[in-house]
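Take a look at the letters that make up each chain.
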Amino acid sequence: EYENEKVEFDKLVEFDKWEIPINDLLIDKTTKLGSGAFASVYKGYLKGKNPLLENIGNIHFALEMAENRDNEVAIKMLHTHADDESRTELKKEIAFMKTLGYHPHVLSMIGCVSSIYEPLLIVEYCANGDLLTLLRRHKDYILVDPEADCPAQADFCLTIKDLLSFSWQISDGLVYLSSKNFIHRDIACRNVLITKRMVAKISDFGLCRYSQEALYTTKVGKLPIKWMAIEALKLAEFTSKSDVWSYGVLLFELFSVGDTPYPSISPSDMLDFLLQGNRLPKPELCPEELYNMMQTMWDLNPDSRPTFEIIRKNLSAFLEVSS
Ligand code: ADE
């Protein structure tokens, strides 16, 4: 009986370390960072003189915050008239993020508020927003020659090396997720966030599952058809190898600087289109060797696709050559 009580107590402590007192949180409702089907993300600030002394669940983040005087955070909350299903989804995402652990290329959870009637998920703030929007905003500011001058009207320019660096960072985050048997299921540029220091972080764990439960049915309407592997479309089979396929589509978005994949194909025709052997074309800025690797990510046979470890290793080599 004592053992049971101890387990209960440990659970409570575990629960506590993520819990943030609502009064320590300032939510800036005028700054909406993002909006999804059931929730919105707002900018916010975590009060407290020294976060290191506060009981913040993520010690790595507490250390980063110690040098970030503004204590900026991002807060995910439900829409005003959210139903019970949405509330359950957000609670699931919070529970999932508690198990995630720290990795520099995976978005960190800072804490949560679950003691009031609506759950809040508090994550690190990424000043440069999502990768897709960033790419589209800088489409005219890609320097093919890294020595060329960046036009004065651009806040910054991107080089092919920057695109390769983003690719490497994202693959590094995915090596971590797949090593923990997590399947993300929604790998796409819209779900990568970029920090003030241009660090890429994989985000949006709403569809993420532990591998054993990856076959659980999910409402088809929520799935990102044009990023899905052929077996995921056909049989709802999700594995790390279907994440590899999606990562290949992400590389297409990255090197086409924000193009939509298969713009002329309707989602309902995608499976047939892929079964006929069609794949995405090589974006102009994409190095030949990288496109060769992308094509292996879209192999009909999941076992013939490279692992994220192999992808990361090849990207390291491409980065060395480009510098
Ligand atoms: N948009 C969605 N989530 C965000 C975050 N954590 N930081 C910045 N912009 C975001």
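Residues numbered from 1 in each chain as written. Predicted model: local features only at pLDDT ≥ 70, side-chain atom pairs only at ≥ 80, totals over all residues. Heavy atoms only, no water.

Under an unreviewed UniProt entry, the protein has the name Protein kinase domain-containing protein and belongs to Panagrolaimus davidi.

**Let's talk about the overall build of the protein**
Secondary structure assignment for the protein yields 10 helices and 11 strands. Looking at the 323 residues of the protein, the share that counts as buried comes to 48%. Of the contacts formed within the protein by residues at least 6 apart in sequence, a portion of 68% connects residues at least 24 apart. (Helix = DSSP H or I, 4+ residues; strand = E, 2+ residues; numbered from the N terminus. Buried < 20%, exposed > 50% of the residue type's maximum accessible area, 1.4 Å probe, protein only. Contact = heavy atoms within 4.5 Å.)

**Description of the pattern of salt bridges**
Applying the stated criterion to the full structure yields nine salt bridges. In this structure, Glu124 and Lys201 form a salt bridge, with 3.3 Å as the shortest nitrogen-oxygen distance. Here Lys201 lies in strand E10 (residues 200-202) and Glu124 lies in strand E5 (residues 120-124), a separation of 77 residues in the sequence. Lys201 matches Glu124 in its accessibility class, with the two residues each being buried. Across the pair Lys139 and Asp259 runs a salt bridge whose closest N-O atoms are separated by 3.1 Å. You can see Lys139 sitting in the loop between helix H4 (131-137) and strand E6 (142-143) and its partner Asp259 sitting in the loop between helix H7 (240-255) and helix H8 (270-275), a full 120 residues away along the chain. Judged by its relative accessible area of 38%, Lys139 is partly exposed. Residue Asp259 is classed as partly exposed on the basis of its relative accessible area of 34%. (Salt bridge = Lys/Arg side-chain N within 4 Å of Asp/Glu carboxyl O.)

**Observations concerning unusual backbone geometry**
Positive phi, close to 55°, is recorded for Ala236, a residue that is not glycine. The partly exposed category is assigned to Ala236, whose relative accessible area is 36%.

**What to know about the state of the cysteines**
Covalently bonding the sulfur atom of one cysteine to the sulfur atom of another cysteine gives a disulfide. Applying the stated rule across the entire model yields one disulfide. Here Cys150 engages in a disulfide with Cys157; their sulfurs sit 2.1 Å apart. Across the S-S bond linking Cys150 and Cys157, the dihedral sits near 85°, which makes this disulfide right-handed. Among the residues examined, Cys150 registers a relative accessible area of 33% and is labelled partly exposed. With no disulfide partner, Cys126 has as its closest neighbouring cysteine sulfur the one in Cys189, 15 Å distant. Cysteine Cys286 is unpaired, with the sulfur of Cys189 as its nearest cysteine sulfur at 13 Å. Judged by relative accessible area, Cys286 falls into the buried class, the value being 3%. (Disulfide = S-S within 2.5 Å.)

**Re the sheet that holds E5**
Strand pairing in a sheet relies on backbone hydrogen bonds. The paired strands run either parallel or antiparallel. Spatially, the five strands line up as an open sheet ordered E1-E2-E3-E5-E4, and their pairing is antiparallel. On the outer flanks of this sheet lie strand E1 (25-35) and strand E4 (109-113), each paired with one strand and no other. Within the sheet, the average angular offset between the axes of one strand and its neighbour, ignoring direction, is 30°. With four bridges connecting them, E4 and E5 associate as antiparallel partners. Considered in E5, the bridge of Val113 is made with Leu120. (Pairing = 2+ DSSP bridges. Axes fitted to C-alpha atoms, helices over the stretch in contact; angles between N-to-C directions.)

**Comments concerning the site of the ligand**
By nearness alone, every residue bordering the ligand is listed as Leu33, Val41, Ala74, Val123, Glu124, Tyr125, Cys126 and Leu193. In the model, a nitrogen atom of the ligand is placed 2.9 Å from a nitrogen or oxygen of the Glu124 main chain. Contact between the ligand and Cys126: a nitrogen atom at 2.9 Å from a main-chain N or O atom of the residue. Each residue belonging to the shell around the ligand can be placed in one class, and the counts come to seven nonpolar, no polar and one charged. (Near = heavy atom within 4 Å. Polar contact = N/O pair within 3.5 Å; in protein donor to acceptor, adjacent residues only side chain to side chain. Nonpolar A, V, L, I, M, F, W, Y, C, P; charged D, E, K, R; others polar.)

**A few points about the packing of H7 against helix H10 (residues 308-322)**
Between H7 and H10, whose axes approach to 10 Å, the crossing angle comes to 35°. Contacts from Ser240, Asp243, Val244 and Tyr247 of H7 reach H10 at Phe308, Ile311 and Leu315. Of the residues in the contact of H7 with H10, the class split is five nonpolar, one polar and one charged.

**Some details on the side chain of Ser167**
Relative to the elements of secondary structure, Ser167 occurs in helix H5 (residues 160-179). Residue contacts for Ser167: discarding those within four places in its chain leaves Tyr247, Leu251, Leu254, Phe255 and Leu315.

**Observations concerning H5**
Over its 20 residues, H5 extends 28 Å from the first C-alpha to the last, a length consistent with the 28 Å expected when each residue adds 1.5 Å. Extensive coverage of H5 is indicated by the burial of 15 of its 20 residues. Positioned one or two residues after H5, Asn181 has a phi angle of 60°, which is positive. (Expected span 1.5 Å × (residues − 1).)

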